[in-house]
Amino acid sequence: MVDWDGPLSEAYERATTYLAGLPERRVGPRATAAELRQALGGALPQSPTDPQEVIAHLAKGVEEGLLPSGSGRFFGFVFGGATPASLAADWLTTTWDQNAGLYAASPAAAVVEEVTAEWLVELFGLPRGTSVGFVTGAQMANFTALAAARHEVLRRAGWDVERDGLIGAPAIRVLAGAERHDTIDRALRFLGLGTNCIVPIAVDDQGRLKPEALAEALSDDGPQIVCAQAGNVNTGAFDPVKTICDLAHDKGAWVHVDGAFGIWAAVSDKLRPLVDGIERADPWATDAHKTLNVPYDSGLVFCAHPEPHRAAMSIRAAYLIQDENGERDSLDFNPEFSRRARGFAVYAAIRALGRSGIAEIVDRCHAMAVRFAETLAANQTDTLAANQTETLAANQISILNEVVLNQVLVRFGDDDELTRRVVRAVQDEGTCWMSGTTWHGQAAMRISVSNWTTDESDIDRSAAAVLQCLQQA
Ligand SMILES: *Cc1c(COP(=O)(O)O)cnc(C)c1O
């Protein structure tokens, strides 16, 4: 008899201990790379070890090198945590070990994806019949979306890119805001279009694409794709998608929206205006591992036109059993072939939260980001009143962005060096964790509130830690 119980109960024990410790755990890794190598490295194992022992060794070895991104005081990058239902469903996904590429390989995975896809389309208010792929993240969602767009704009120019490739094809222009996410450029490299196809469009001080600049750059004909953004990774700002769609469609261009975390604003009654007109776009990319707080990795791609989506991705091989009754073969919508059944965790997340629960996460992340910005700004006034003139400038805190969603950019003393020092000091101190960035040439601390558990006390403790680090920096 195989002993599943040993390693799995070891894992269960370790998992619940880790999760229960998150709220009070130091938010940052403690171990150096050398210490981790020391704990985990060594010669290639020549003979078997008991699985339970392996799990205990692994868990112990990595413990001090984990970045606790599930903490309510983790504000780095744009990372989400994991909700209980999605985490548990993710465990079962691993246990069931389904290959979700084909309906025949897992009818359950296919139907759960189909159901979840319809829920997502309704949540975001996208057109009925929109096709959906469950990918690893927004990087691959951008890639898949742009592959569909590449197919369609070239088809309209009389070119079959799936058959004839890009050599000799009409050139494609990709019009994208100057503050687009770097994964757009990377997707275009993967697609053989190269970064030189990008026509950068001017943006405003929040990073929003300027429609006038787009209107000027669009040409009257030729294959063109416009890349808009719902949620700038620094400021959280939204491109005016409605106007962008009108301008682009008028010239026969497709509009892709990178809404990795921002598209979730569509679920909130209060924040929905940020994505006004989003349903007019053609493909969209987003993540489930950010705002929805599904465990890594989980991204989503949508296309209002299933045919080009399918044409860009689908594959036919004699030995595959492809479904003839119209059931969902997910490899028609995904760049992967064999594939983890990512739909289960997304399904469980949506079922457990419901529309109102998702809206609450979106609204709370926004409210907590505003609270963080306001607390820092208010404390600056106190410091100003109490301090000597000389230290005024040094302690000055500026919020560089309009906090429209969950992102806050903070700059200290209008000084790059001081700002970077404060970011490092906060990371070392361990109450909370955030990273630095450069926004329009200025160093900034970048706060992203993306965790479903973050509450007022997390914000207040974190803001106090930041202010203390500033005083000592
Ligand atoms: C995070 C992010 C991406 C990349 O997403 P991954 O899930 O890391 O692949 C792309 N675009 C934007 C706007 C993002 O915030």
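Located above this text is the structure these notes cover.
All residue numbers refer to positions counted from 1 along the written sequence of the respective chain. Predicted model: local features are reported for residues with pLDDT of at least 70 only, side-chain atom pairs are reported and counted for 80 or more only, and whole-chain, interface and lining totals are derived from all residues. By convention in this description, side-chain values take in all heavy atoms of the structure and omit both hydrogens and water.

A. Structural detail: the pairing of strand E4 (residues 224–229). Counting buried residues in E4 gives 6 out of 6 residues, a clear majority hidden from the surface. Residues Gln224, Val226 and Ala228 point to one face of E4 and Ile225, Cys227 and Gln229 to the other, with burial holding for every one of them. Any two strands are treated as partners once DSSP identifies two or more bridges connecting them. Runs of H or I in DSSP of at least four residues are treated as helices and runs of E of at least two as strands, each being numbered from the N terminus. The pairing of E4 with strand E5 (residues 254–258) spans 5 bridges and is classified as parallel. Counted as the bridge partner of Cys227 is His256 from E5. For the segment spanning E4, helix H10 (residues 241–250) and E5, crossover handedness is right-handed. For the exposure calls, accessible area comes from a 1.4 Å probe over protein chains only, and a residue counts as buried if that area is under 20% of its type's maximum, exposed if over 50%, partly exposed in between. A right-handed crossover is one whose linking path, passing over the helix from the first strand to the second, runs clockwise when the strands point away from the viewer.

B. The layout of surface pockets, seen in detail. The space that makes up the largest pocket amounts to roughly 1,200 Å³. A cavity here means a set of 1 Å grid points, computed over protein atoms only, where a 1.4 Å probe fits but cannot escape. A pocket is an open set with protein on both sides within 12 Å along at least 5 of 7 lines, and lining residues have an atom within 4 Å of a point. Contributing to the lining of the largest pocket are 42 residues, with Ala15, Tyr18, Leu19, Leu22 and Leu87 lying nearest its centre. Secondary structure elements with two or more residues in the lining of the largest pocket: helix H1 (5–21), helix H3 (51–62), helix H4 (84–96) and helix H15 (456–472). Gly is put with the polar residues, along with every residue not named as nonpolar or charged; the nonpolar set is Ala, Val, Leu, Ile, Met, Phe, Trp, Tyr, Cys and Pro, and the charged set is Asp, Glu, Lys and Arg. In the lining of the largest pocket, the residues fall into 20 nonpolar, 11 polar and 11 charged. What fixes the domain bounds is an automatic or database domain assignment. Mapped onto the domain boundaries, the lining of the largest pocket takes at least three residues apiece from domain 1 (88–351) and domain 2 (356–472). Approximately 520 Å³ is the volume attributed to the second largest pocket. Grid points are joined across faces, edges and corners, and a volume is the space filled by probe spheres set on the points.

C. Broad picture of the site of the ligand. In the vicinity of the ligand there are 13 residues, among which Gln139, Asp258, Asp287, His289 and Lys290 approach most closely. Bound to the protein, the ligand loses 84% of the 380 Å² it would expose on its own. By residue class, the composition of the shell around the ligand is 4 nonpolar, 6 polar and 3 charged. Throughout, near means a residue has at least one heavy atom within 4 Å of the molecule or strand. Residue-level accessible areas treat just the shown protein chains as cover; the underlying method is Shrake-Rupley with a 1.4 Å probe.

D. Just the packing of aromatic side chains, in detail. Each Phe, Tyr or Trp ring, with Trp reduced to its six-membered ring, pairs with another whose centre is within 6.5 Å; inter-plane angles below 30 degrees give stacked pairs, above 60 give edge-to-face pairs, and intermediate values give tilted ones. One pass over the full model with this rule turns up 12 aromatic pairs. Judged by centre distance (5.5 Å) and plane angle (5°), the ring pair of Phe74 and Trp433 falls under stacked. Of the two residues, Phe74 is situated in the loop between H3 and H4 and Trp433 in the loop between helix H14 (416–429) and strand E10 (435–439); the sequence distance between them amounts to 359 residues. Here the two residues Phe74 and Trp433 agree in accessibility, since each one is buried. Plain terms: the ring middles of Trp96 and Phe344 are 5.1 Å apart, the flat faces sit at 80° to each other, and that makes the pair edge-to-face. In this pair, Trp96 is assigned in helix H4 and Phe344 in helix H12 (residues 343–386), connecting sequence segments 248 residues apart. For Trp96, a relative accessible area of 44% puts it in the partly exposed group. Given a relative accessible area of 10%, Phe344 falls into the buried group.

That is the geometry; function is a separate question.
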